[in-house]
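Residue-level listing of the chains:
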Amino acid sequence: MNESNGLQRLDALINRLIDSDQTGEEVAPFDLARELGEIRAQLMAMPVVHRSTADQRHYRCEACGTIVHGDGVPGSCPRCSATALVNVDIRPTGVDAG
Ligand SMILES: [Zn+2]
């Protein structure tokens, strides 16, 4: 099978569709559906990011890679329930650069 990740496969599929539009070469709908289904499964298995809505800090689950946002270290990972979450803020909060 193919070792590319879901995003690479999605890009390849987009390129195939663009080629198809330009060359008139048909892409079978069933093949497309199957490829998209496999890509979806791969994307679902990737680490999750829980998006921040405010100026929150970032924490990464050391067990599964999920990124969680919050004002303090979460008690447990919302995805796998592990309790080892580490702060992974790129820039410390409370530092005013300007
Ligand atoms: Zn986790």
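Here the structure is a predicted model, which means the values were calculated and not measured. (Residues numbered from 1 in each chain as written. Predicted model: local features only at pLDDT ≥ 70, side-chain atom pairs only at ≥ 80, totals over all residues.)

Draft legend 1. Local environment of the sheet that holds strand β3 (residues 85–87). The strand order β2-β1-β3 describes an open sheet built from three strands, whose pairing is antiparallel. Two strands bound the open sheet, and with one partner strand each, they are β2 (67–70) and β3. Along the sheet, successive strands turn relative to each other by an average axial angle of 35 degrees, direction set aside. In the sheet, strand β1 (residues 57–61) pairs with β3 via three bridges, with the strands oriented antiparallel. Note that in β3 the partner of arginine 60 across the bridge is valine 86. (Pairing = 2+ DSSP bridges. Helix = DSSP H or I, 4+ residues; strand = E, 2+ residues; numbered from the N terminus. Axes fitted to C-alpha atoms, helices over the stretch in contact; angles between N-to-C directions.)

Draft legend 2. A look at the environment of aspartate 71. Within the secondary structure layout, aspartate 71 lies in the loop between β2 and β3. Its 10 C-beta neighbours within 10 Å are what place aspartate 71 among the exposed residues. Note: C-alpha distance between aspartate 71 and histidine 58 (13 residues apart in sequence) is 8.6 Å. Setting aside residues no more than four positions away along its own chain, aspartate 71 makes contact with Gln56 and Arg57. (Buried ≥ 20, exposed ≤ 12 C-beta atoms within 10 Å, placed from the backbone. Contact = placed C-beta atoms within 7 Å.)

Draft legend 3. Here's a closer look at the packing of helix α1 (residues 6–23) against helix α2 (residues 29–44). With their axes 8 Å apart at the nearest point, α1 and α2 run at an angle of 155 degrees to one another. Viewed along their axes, α1 and α2 adopt a mutual orientation that is roughly antiparallel. At the point where α1 passes α2, the crossing takes the left-handed sense. In this structure, α1 contributes Gly6, Arg9, Leu10 and Leu13 to the contact, and α2 contributes Glu35, Ile39, Gln42 and Leu43. Residues that form the contact of α1 with α2 fall into these classes: four nonpolar, two polar and two charged. (Parallel < 35°, antiparallel > 145°, perpendicular 65-115°, else oblique. Left-handed = near helix turned anticlockwise from the far one by under 90°. Nonpolar A, V, L, I, M, F, W, Y, C, P; charged D, E, K, R; others polar.)

Draft legend 4. Structural detail: the pairing of β2. Here β1 pairs with β2 via four bridges, running antiparallel. The partner of tyrosine 59 across the bridge, within β2, is valine 68. Linking β1 to β2, which pair antiparallel, is a turn of five residues; within it glycine 65 sits at a positive phi near 85 degrees.

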